[in-house]
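# Structure assessment
Letter by letter, the chains look like this.
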Amino acid sequence: MPARLTGPRAYLNAISRGVARLVMEEWRALPLYQRLVLRGTVPDTLKARPRHLRPADPEAGQAILEGRFQLAGLELNVGEGGDPWAVSTPSRRFAERLHAFEWMRDLLAVQDPAARKEARRLTDLWIDEFGRGFNVFAWSPGLSAERLRNWLVAARDLFADEDSVRRSRRFYTLASQARHVARSGGETADGLPRLIARASAALASVCLDWPQRRQTRLFDLLGEELDNQILEDGVHASRSPEATLEAMIELSLLEDALFQRDMDPPEGVARALARLGPALHFFRHADGGLAAFNGGGAGDRATIEDALARDEPPKRIFAVAPHAKYLRARAHDAIVIMDGGASPPAAFSDQAHGGALSFEFSAQGQRLIVNCGWSPDQPAAWREPVRSTAAHSTLTVAETSSSRLVPPGPGRAIAGPKLKIGSNSLSAKAREEEAGAWLDGAHDGYLKDFGLIHRRRLYLSADGNDLRGEDTLDVPAPGSQTKTRTETLSFAIRFHLPPGVKASISRDGASAILATARGDGWRFRTDHPPIRIERSAFLAAGAPPARSEQLVIYGVIPRKAEKGQSLVCVRWALQRQGAEE
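Cut-offs used in this document
Residues numbered from 1 in each chain as written. Predicted model: local features only at pLDDT ≥ 70, side-chain atom pairs only at ≥ 80, totals over all residues. Heavy atoms only, no water. Helix = DSSP H or I, 4+ residues; strand = E, 2+ residues; numbered from the N terminus. Rg over C-alpha atoms; globule rule 2.2 N^0.38 Å. Buried < 20%, exposed > 50% of the residue type's maximum accessible area, 1.4 Å probe, protein only. Contact = heavy atoms within 4.5 Å. Lys, Arg positive; Asp, Glu negative; His and termini not counted. Charge placed at Lys NZ, Arg CZ, Asp CG, Glu CD. Expected span 1.5 Å × (residues − 1). Polar contact = N/O pair within 3.5 Å; in protein donor to acceptor, adjacent residues only side chain to side chain. Core = buried A, V, L, I, M, F, W, Y, C linked by side-chain atoms within 4.5 Å. Pairing = 2+ DSSP bridges. Axes fitted to C-alpha atoms, helices over the stretch in contact; angles between N-to-C directions. Parallel < 35°, antiparallel > 145°, perpendicular 65-115°, else oblique. Left-handed = near helix turned anticlockwise from the far one by under 90°. Nonpolar A, V, L, I, M, F, W, Y, C, P; charged D, E, K, R; others polar. Salt bridge = Lys/Arg side-chain N within 4 Å of Asp/Glu carboxyl O.

Along the backbone of the chain there are 16 helices and 22 strands. Radius of gyration (C-alpha) of the chain: 25 Å, near the 25 Å computed for a compact globule of 581 residues. When the 581 residues of the chain are sorted by exposure, 55% land in the buried category. If you take every contact in the chain between residues at least 6 apart in sequence, the share linking residues at least 24 apart comes to 68%. Each charge sign in the chain was given a centre, from 77 positive and 72 negative side chains, and these centres are 5 Å apart.

This is the structure we're talking about:
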């Protein structure tokens, strides 16, 4: 049966954590907390300065230099020399990105001494406003952890100041935040935010040269979090390829700082890094970016290369991520990656999508079939729509998602935007033959509500010129406790195209030609016409949403099927022009 991820126990746990958080916020607002925890030894230098692995946008940095902050799909203009901390922000998401200081790398990427001076000025303004006392929002554990990491990687410019008073105040605030994050890291949200908090505290302990005993404790806490979040196959527990990349970046920053100190990574960190590298290779497309599943986007190619540069490329990339339930096949320049149908555990489902059995396909260094994907730079209004099954290249029943979110209201206010109902992977298998590779998956996301099982088989020929698929809807074995279906249901199979790939339908509606920006052509055909072209959007590459198209096959699900047959069986193929049979 479909997995119920958010139930009474989850709500009670969320309420308990919320009460504990309020108590801790009250405690931290007291001067006693600030005297006992935030104050301490003030360093005058850093023992390590980890290099930045994340992408920087000099154009965005130039805009900041002129007083324009573009974050979370919105803009705040404070004018040149203005104070962004003294005005209201367009949204909470914008404020979070602003206080996390992730924009600093863009500003520092501007080849102008004025940009580095502005970075220090904006930091000093933040310290003037929030460095003294305790602001619940600005000093929340998650934001503090991100800001701590971003200040550490910007240290070369942030602390290069002849004004000793200002420089000393920055070091004092940096050390205070480090002590705060070390204490509060376990209170951050489940998943990647907590991993970032643990990694940031460990990074600070190395850069600030904390006593060995304290460093060991922080590394132990990080190791426990890594064991909890990094699956045996190297994929992050959220099942997001980009979250896997983010985890790799966090640990690579720490490894770099340890290398500068002539220190070896602790066993837990080394073990996680050894797993993360092969998983990132698994999710890479022919264009070098990542597949867009479960809240992730394509990632930055240069960052991916940088993160993977620490290891030799694997001689062979595995075909199945057995714990994360993903499948992959490659033939020459063609790559297909399929979600095996599982939903992540509730604790890691805040960003999860209902993309069971969705797939992406790339060839000749470009993507041909994609999911809509997501990027934190996108406008918030898009967030929920792209989590639906219809935003993925897979089959939907009655325009219903295979995994459902906690609906808006008190439940979401308590539990957050997690999945309420998820799908179980019933099969996730890959098989290679001389003629090509087979990927096979099934999920039960439509079992309870509609009494249906969705199965998908993909075949990629050995020359990479022919991708074929079969989507079926079946009833389970007799005796299964599922809803008896009396109404007529529809289904839709969607194939989202990236920007730059244009489709044209044949007269009989049974095939379509896909033309790429390079001029290459692929022919899509099906035994269940007509094919329709509808509008879509691609969000995996960052803001703004890019207009695109999708091919859609619609149909009606009969109530009964011939003995031994599926209720629905749709076959389709995507073949390189000139290579069709």
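A few words on helix H6 (residues 113–131). The terminal C-alpha atoms of H6, which comprises 19 residues, lie 25 Å apart, in line with the 27 Å expected from a rise of 1.5 Å per residue. Looking only at H6, the buried set comprises Ala 115, Glu 118, Ala 119, Arg 120, Leu 122, Thr 123, Asp 124, Leu 125, Trp 126, Ile 127, Phe 130 and Gly 131. With a side-chain oxygen lying 2.9 Å from the backbone nitrogen of Ala 114, the N-terminal cap of H6 falls on Asp 112.

It is worth spelling out the nonpolar core at this point. For soluble globular proteins, the rule of thumb is that nonpolar side chains tend to be buried together. The biggest cluster of nonpolar side chains holds 90 residues, and the ones touching the most others in it are Trp 103, Met 104, Trp 126, Leu 174, Leu 222 and Leu 254. For Leu 174, the contacting residues outside a window of four places in its chain are Leu 46, Leu 148, Trp 151, Leu 152, Phe 159 and Leu 208. Within the second largest apolar cluster, 43 residues are counted, among which are Val 397, Ala 437, Leu 514 and Leu 551.

The 8 strands lie next to each other as E12-E13-E14-E15-E22-E19-E18-E17, forming an open sheet whose pairing is antiparallel. Two strands close off the open sheet at either side, each with one partner strand: strand E12 (425–432) and strand E17 (502–505). Taken over all neighbouring pairs, the strand axes of this sheet differ in orientation by 15° on average, direction set aside. As judged from the 5 bridges shared by strand E19 (residues 521–526) and strand E22 (residues 568–576), these two strands associate in the antiparallel manner. Counterpart to Arg 525 in the pairing with E22 is Ala 573.

Next up on the list: the packing of helix H10 (residues 192–207) against helix H11 (residues 212–229). In contact at an axis separation of 9 Å, H10 and H11 are set at 155° when each is read in the N-to-C sense. Compared by their axis directions, H10 and H11 come out roughly antiparallel. The hand of the H10/H11 crossing is left-handed. Listed contacts from H11 to Leu 192, Arg 194, Leu 195, Arg 198, Ala 199, Ala 201, Ala 202, Ser 205 and Val 206 of H10 are Gln 215, Leu 218, Phe 219, Leu 221, Leu 222, Glu 225, Leu 226 and Gln 229. Its residues placed into classes, the contact of H10 with H11 shows 11 nonpolar, 3 polar and 3 charged.

Time to look at the pattern of salt bridges. Taken as a whole and assessed by the stated rule, the structure comprises 35 salt bridges. Across the pair Asp 306 and Arg 51 runs a salt bridge, and its minimum N-O distance is 3.2 Å. Of this pair, Asp 306 sits in helix H14 (residues 301–308) while Arg 51 sits in the loop between helix H2 (31–38) and helix H3 (58–65), and the two are 255 residues apart along the sequence. Here Asp 306 falls in the partly exposed class, since its relative accessible area comes to 27%. Of the charged contacts in the structure, one is a salt bridge between Arg 166 and Asp 128, with a shortest N-O distance of 3.3 Å. In this pair, Arg 166 is assigned in helix H9 (residues 164–184) and Asp 128 in helix H6, connecting sequence segments 38 residues apart.

Position of Thr 45 relative to the elements: it lies in the loop between H2 and H3. Judged by its relative accessible area of 34%, Thr 45 is partly exposed. Spatially, the C-alpha atoms of Thr 45 and Ser 168 are 9.7 Å apart, while their sequence positions differ by 123 residues.

Limitation: the analysis is restricted to geometry and does not speak to function.
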